[in-house]
Amino acid sequence: MKTLGRILGAWLLAMLFASPGAFAQTGPRTLILYDAPPNTAYTKLGMGYAIMLRNLLGHFDSKVDMVPVQNYTAGQLSGYDATFYLGAYYDNPVPAAFMTDAANSSKTIVWFKYNLWQFAWDPAYGFQSRYGFNLTALRGLNAAPTSSNTTPGFFDTITYKNLPFVKYYAYDSSTGAVNADPDVGVTAITDTTKAQNLVSMSNPKTGEQAPYVVRSGNFWYVADLPFSYIGPRDRYLVLADMLHDMLGVNHAESHKAMVRLEDVSALVSVTAMKSLTDYLYQQRIPFSIATIPYYKDPLGVYNSGVPMQVPMSLATNLKRALNYALVRGGEIVMHGYTHQYSNVRNRYTAVSGDDYEFWDIVNNKPVPEDSTAWALGRYRAGLLELSLNGYRATAWETPHYQGSALASKASTQVFPKTYQRVVYYTADSPNFNASVEKDFAVGQIFPYPIQTDYYGQKVLPESLGNIEYDIHLIDPTSSFNYTWQDILTNAQYVKTVRDGYASFFFHPFWLEPQVGTPGLADFKSLVSGISNLGFTWTVPSQLP
C-alpha cells in the first residue's frame, strides 16, 4: 500500500541538460538567472530551483531560458518580458552588468532571497531612492535549537488571502539536525509612493512582521526561495498565484477538481469499485481510474509463496470494475505497465501497486535497463494490454510519481498528458553522493496544469494528497493518518491560487471489510466538501 510519505516526500534538485525540444509558445519570454558557484556541494542547487520555477512558468506558455548568473551578459535582459534571479547561495557574486541593467530596465525583474545586499547597499545603483525600500537584515532562526527549546522560531508564517502559510520546520534532538529553510531577507519600505508590501510574513515567537513580497514598479523582491520543503499549504502556492501578476497574465478565477481511484489492478475489489462508482455517478462527478494493465507478484508474496501474474485478458475483476465505471463517468489513466520492477523487491514486495517501476528506489538511481527505448517498450506494452481488451487511456501516471529522467522524457512520445506529481533530476544518471557538484532531485507539486514542463510533458495536477489510515497491524508500511479533513483543508489553500485545482486520489482498498476503516464515508465527506467549496469536477479528457 502507498503511504503519504512515499508520495509527498520533497527533494532538492538541479539539472544539467537543456530543456528538451522546441515547443510553440505564445506566452511571455522569461529569463531565469540562478546561482551556480563552481566546485561546491551546492553548485547544482540553484539550477534545481530554476527548473522548479521553469515548470511553473509552463502554466503560462512561457518560453524560458535558464542561465547561471555568472554567465549574464550586458543587455541580456532586454530580450525578455521578465527576468527572475534566484539567490540560492549566500554571497554568490552577482555580476555588475546584471545589476546595472536591472537598475535601468523597465522590464519585470523578480529577485529572490539572497544577495540583494550587493545591489541594495552599493551606492552606485541608488537602490533606495529608486525603489522606495531597502534591505535591512538577513534573518534565520531566532536562536539555535536546544533540547529545552526545540522550536526557537523564525519568520515562518506568510499570510495571503487571509490564510496562514506556515513554512516547514523539523528538529531532530538526537542529532541536532534542523530540517528547514528559515533564512529570509527583511526589508523596510521607505517611500510608499514607490513601493508596496503585497504580502507579509511574521515571526510568531517575537511578534515581528515584515514584508514577504515587495513591489516597486517593475521590480519585485521575494524574501525567500519558496521551492524548499514545499507542501500543499506552503508559501509555494503564494508564488504560484502571484506569478500571474509578475508576468501580467491574469487568468480568470476558475477552480476545478479532480478525483482519481488509485492502483486499480487485477485483484481489485469489484464491490469497492462499484460503491465508489455509484456514489460519483449519483453526484454526476466524472472520475479517473489509475489502471495497472498487467498484474505481477513474482515472489508470491500475496499468493502463499507461489509466483503469480495476471495479464489483462485474464483480469476478470479488473475488467468488470472498468466496464461498470466507464459507462458511469469513469475514464482510464494508465498507471505503469506492471507498477513493479522485475522479480526483486523495489522497495517493498515486488508486487504490482506496491513497488516502483521506473526507478531503483533501493539504490536511488535509474534501473540497469534504463533508456528511452526501455521506457517506451513498457509504455507501449501497457497500452497494448489495454487496447487488446477494448480500453484506452486518456493520460499517464508514473508509479509512485518517480521515474528516471529518460523515462519521463520518453513519456511525451506516447502520452499527450500526464496526471501526477513529477520527480526531476540533475542528470540522466545522477550521482547523489559526490562531495562537490553533486546531483539533486525534487518531487514537485503543481496547483494548476503545466502546459510544458522541463521534460516536455503536459502535467495535470494532483495537488492535495490522499486519505491514509494507520493500519500498521495489517500492513507495517501503512502507519500514517491523513484525514479527509486534512485534504479538505488543503483544498481551501489551493483555492487561493486563482486557477488552482483541488485534485486528490483514493485507494479503493480502504473500502474492504478486513481493513476496517470508514473509507466510503470519508470519501463521500471529502468529495462533498470540495464541491461545497465551489470547485467544478473534471477529468483529463475534458481538459485541453
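Residues numbered from 1 in each chain as written. Predicted model: local features only at pLDDT ≥ 70, side-chain atom pairs only at ≥ 80, totals over all residues. Heavy atoms only, no water.

Caption draft 1: Fine view of the nonpolar core. Grouped together as the largest cluster of nonpolar side chains are 158 residues, with contacts concentrated most on Phe119, Phe504 and Ile530. If sequence neighbours within four positions are ignored, Ile530 has contacts with Ala257, Leu464, Leu488, Ala491, Ala502, Phe504, Phe535 and Trp537. Counting residues in hydrophobic clusters, the runner-up holds 7 residues, among them Met258, Val333, Leu460 and Tyr501. (Core = buried A, V, L, I, M, F, W, Y, C linked by side-chain atoms within 4.5 Å. Buried < 20%, exposed > 50% of the residue type's maximum accessible area, 1.4 Å probe, protein only. Contact = heavy atoms within 4.5 Å.)

Caption draft 2: Highlighting the packing of aromatic side chains. On inspection of all chains with the given rule, the structure shows 42 aromatic pairs. On the basis of an interplanar angle of 20° and a centroid distance of 6.5 Å, the ring pair of Tyr42 and Phe440 is categorised as stacked. One end of the pair, Tyr42, is in the loop between strand 1 (29–34) and helix 2 (45–57); the other, Phe440, is in the loop between strand 21 (422–425) and strand 22 (441–444), and 398 residues separate them in sequence. The exposure class assigned to Phe440 is buried, which follows from its relative accessible area of 8%. Three or more aromatic residues joined by ring pairs make a cluster, and in this case those are Tyr72, Tyr85, Phe98, Trp111, Phe119, Tyr125, Phe127, Tyr131, Phe133 and Phe219. Of note, Arg260 hangs over the ring of Tyr419, and the distance from its end group to the ring centre comes to 4.6 Å. Against the face of Tyr281 rests Arg284, its NZ or CZ located 5.0 Å from the ring centre. (Phe/Tyr/Trp six-rings, centres within 6.5 Å; stacked < 30°, edge-to-face > 60°. Helix = DSSP H or I, 4+ residues; strand = E, 2+ residues; numbered from the N terminus. Lys NZ or Arg CZ within 6 Å of the ring centre and 35° of its normal.)

Caption draft 3: Quick look at helix 8 (residues 316–326). Leu318, Ala321, Leu322 and Ala325 are the residues of helix 8 that are buried. Projected onto a plane normal to the axis of helix 8, the buried residues spread over an arc of 95° and lie on a single side. With respect to the buried face of helix 8, the exposed residues turned more than 90 degrees away are Thr316 and Arg320. Against the buried residues of helix 8 lie strand 14 (256–264), helix 7 (270–282), strand 15 (287–291) and strand 18 (330–334). (Arc of directions from axis to C-beta.)

Caption draft 4: Quick look at the pairing of strand 4 (residues 108–113). With 6 of its 6 residues buried, strand 4 lies for the most part within the structure. Inspection of the sheet shows strand 3 (residues 82–87) paired to strand 4 by 6 bridges, in the parallel sense. Paired with Ala82 across the strands is Thr108, a residue of strand 4. The handedness of the strand 3 to strand 4 crossover, carried by helix 3 (residues 96–104), is right-handed. Looking at chain direction, strand 4 and strand 13 (residues 219–222) are connected through 4 bridges and run parallel. In the sheet register, Ile109 faces strand 13, and the bridge partner there is Phe219. (Pairing = 2+ DSSP bridges. Right-handed = clockwise from strand over helix to strand, strands pointing away.)

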